[in-house]
Amino acid sequence: MGQKFVESLSSFLFEYDTPRMVLVRNKKVGLTFRLIQLVVLAYIIGWVFLYEKGYQSRDGIVSSVSVKLKGLTVTNVSGMGRHIWDGTDYVFPPQGDSSFVVMTNFIITQGQKQGHCPGNPETGKCAEDRDCTEGKYLRGGQGIMTGKCVNFDSTNKTCEIFGWCPVEIDDFIPNPPLLLEAENFTLFIKNSITFPRFQVSRRNLVERVTKHYLKSCTYHKVRDPLCPVFELGYIVEESGQKFSTLAQKGGVVGITISWDCDLDWPVKHCIPIYNFHGLYNDNNLSPGFNFRYAKYYRENGSDVRTLYKVFGIRFDILVNGKAGKFDIIPTMTTIGSGIGIFGVASVLCDLLLLHFLPKRDYYKQKKFKYAEQDSLKPAKGEAISSSMCNLQEKENASP
């Protein structure tokens with residue numbers, strides 16, 4: 001028992017077995033084998049290593065964005081007179097976030113006070129008091145109904161409401177837009193990013209953007225692709241839309257900043273790429289983008305407000321990116337995967353050799369060695385000699 005264990009251990013430690021190799025001289029199979037290997041090699045080198053950079057470890061991006069808008073325009077609207085607008089007036093929110101709205105058109109309702117007045121005919125008309133339910137609020141209404149049906153004008157009667165009076169009438173949207181000059185306003189984007197894993201931080205004010213250059217440049221995708229100052233009209237144009245059309249009822253534009261950095265190269269080559277996308281689809285169902293805000297003041301001891309229905313272009317700035325750097329672990333993993341893929345060539349060629357070629361039976365005989373159970377039995381002469389030896393031993397042992 002001990003000797004068998006020693007022999008088994010010796011066999012395990014000091015012997016090596018290898019698969020049986022069969023050399024097949026067949027032009028079709030040989031050419032197919034090399035072509036498959038060539039395709040696999042091209043995939044590993046071209047796609048996995050060069051394009052996907054399989055030799056690198058990856059890290060995501062952490063980002064912050066702030067913006068500043070500059071520009072002036074003048075309007076002359078009935079009830080307001082001549083009025084100048086700057087960034088404080090037409091940008092919402094004013095602190096400059098990654099999502100903001102630039103006002104391009106508006107409807108103004110001045111001198112609203114809390115009280116009783118006829119409702120807007122768009123929310124519904126009435127013929128008598130019983131058509132108006134006291135204390136009820138209509139969807140889309142501007143106040144609480146008092147239960148009275150009153151004259152709105154010489155031809156229409158509506159339910160009286162308690163709310164901010166007079167009610168807003170927004171049937172007519174100014175065309176051309178009142179702040180069409182916003183097309184020439186400039187947007188300054190400041191973007192800071194970091195790749196925590198590699199401890200690399202960057203700003204969109206890269207090395208090539210100097211103080212002197214920043215004062216005079218305006219972004220252009222060919223001439224000045226790194227300038228962080230943009231004209232709103234150019235942004236909308238590059239998003240595939242027309243500014244004058246978008247400005248009347250409002251819309252949404254997406255600005256993407258992409259950072260795709262290969263940190264095996266000097267960090268100065270890690271630069272942003274800007275793209276612009278139209279996110280607005282004009283249709284008859286709830287077109288454009290709008291919201292309301294009010295300016296409040298006191299008059300004769302009462303609260304009074306000026307209501308603005310603002311139509312504007314909403315800009316959403318989205319930052320995405322990734323960084324890669326050489327790492328031995330993904331490199332070895334990729335190489336190991338590539339070596340494994342090379343086995344596909346052998347599998348396909350074996351299928352072709354053993355199942356599709358005319359001489360497949362002949363190749364099967366050469367590739368496989370069969371060990372039958374009968375071949376393990378002793379030959380006839382050996383069996384007779386063994387029997388005679390056993391008989392002779394028994395006779396010698398008898399008294």
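Residues numbered from 1 in each chain as written. Predicted model: local features only at pLDDT ≥ 70, side-chain atom pairs only at ≥ 80, totals over all residues. Heavy atoms only, no water.

A few words now on the state of the cysteines. What the rule picks out here adds up to five disulfides. The disulfide partner of Cys-217 is Cys-227, and the S-S distance across this bridge is 2.0 Å. Disulfide Cys-217 to Cys-227: torsion about the S-S bond roughly 75°, handedness right-handed. Taken together, the residues Cys-217 in the loop between helix 4 (211-216) and strand 11 (229-231) and Cys-227 in the loop between helix 4 and strand 11 connect sequence positions ten residues apart. Summarising the burial analysis for this pair, Cys-217 and Cys-227 share the class buried. Each bonded cysteine in the protein chain gets a number by its place in the sequence, and the pairs come out as 1-6, 2-4, 3-5, 7-8, 9-10. (Disulfide = S-S within 2.5 Å. Helix = DSSP H or I, 4+ residues; strand = E, 2+ residues; numbered from the N terminus. Buried < 20%, exposed > 50% of the residue type's maximum accessible area, 1.4 Å probe, protein only.)

Our focus in this paragraph is the nonpolar core. If you look at the biggest cluster of nonpolar residues, it comprises 50 residues, and the most contacted ones within it are Leu-187, Ile-189, Phe-195, Leu-232, Ile-235 and Phe-315. Excluding anything up to four places from it in sequence, Leu-187 contacts Val-67, Lys-68, Leu-69, Phe-100, Pro-228, Val-229, Phe-230, Leu-232, Ile-235 and Ile-255. Judged by nonpolar contacts, the second largest core, of nine residues, contains Cys-126, Cys-132, Met-145 and Ile-161. (Core = buried A, V, L, I, M, F, W, Y, C linked by side-chain atoms within 4.5 Å. Contact = heavy atoms within 4.5 Å.)

Here the residue pair Phe-92 and Pro-93 is connected by a cis peptide bond, since its omega of -10° sits within 30 degrees of zero. Counting through the fold element by element, Pro-93 comes out in the loop between strand 5 (91-92) and strand 6 (99-118). Cis geometry is adopted by the peptide bond preceding Pro-166, which originates at Cys-165 and carries an omega value of -5°. Unlike most non-glycine residues, Lys-53 shows phi in positive territory, near 50°. Of note, Lys-53 is situated in the loop between helix 2 (27-51) and strand 1 (56-60).

What follows concerns the packing of helix 2 against helix 7 (residues 328-355). Helices that pack against each other are described as a pair by the angle of their axes relative to one another and the distance between those axes. Close contact between helix 2 and helix 7 brings their axes to 9 Å; oriented N to C, the two are set at 155°. Judged by the angle between their axes, helix 2 and helix 7 are roughly antiparallel. The crossing of helix 2 and helix 7 is right-handed. Here Val-29, Thr-32, Phe-33, Ile-36, Gln-37, Val-40, Leu-41, Tyr-43, Ile-44, Val-48 and Phe-49 of helix 2 come into contact with helix 7, specifically with Thr-334, Ile-335, Gly-338, Ile-341, Phe-342, Ala-345, Ser-346, Leu-348, Cys-349, Leu-352 and Leu-353. Here the residues of the contact of helix 2 with helix 7 sort into 17 nonpolar, five polar and no charged. (Axes fitted to C-alpha atoms, helices over the stretch in contact; angles between N-to-C directions. Parallel < 35°, antiparallel > 145°, perpendicular 65-115°, else oblique. Left-handed = near helix turned anticlockwise from the far one by under 90°. Nonpolar A, V, L, I, M, F, W, Y, C, P; charged D, E, K, R; others polar.)

In this section: a negative patch on the surface. On the surface, Glu-181, Glu-183, Glu-231 and Glu-237 cluster together to form a negatively charged patch. With respect to the helices, strands and loops of the structure, Glu-181 is situated in the loop between strand 8 (157-165) and strand 9 (186-195). Under the relative-accessibility criterion, Glu-181 is labelled partly exposed at 38%. (Patch = residues over 30% accessible without salt bridge, like charges linked within 9 Å, V, L, I, M, F, W, Y side chains within 5 Å. Areas by Shrake-Rupley, 256 points an atom, 1.4 Å probe, with all protein chains shown as cover. Salt bridge = Lys/Arg side-chain N within 4 Å of Asp/Glu carboxyl O. Lys, Arg positive; Asp, Glu negative; His and termini not counted. Charge placed at Lys NZ, Arg CZ, Asp CG, Glu CD.)

What follows covers the side chain of Arg-305. When you line up the elements, Arg-305 lands in strand 15 (residues 302-326). For the buried Arg-305, no salt bridge exists, and the shortest N-O distance to an oppositely charged side chain is 7.8 Å, to Glu-168. Side chain to side chain, Arg-305 and Tyr-296 meet in a polar contact 3.4 Å long. Apart from the residues within four sequence positions on either side, Arg-305 is in contact with Thr-109, Gln-110, Gly-111, Gln-112, Trp-164, Ala-294, Lys-295, Tyr-296 and Tyr-297. (Polar contact = N/O pair within 3.5 Å; in protein donor to acceptor, adjacent residues only side chain to side chain.)

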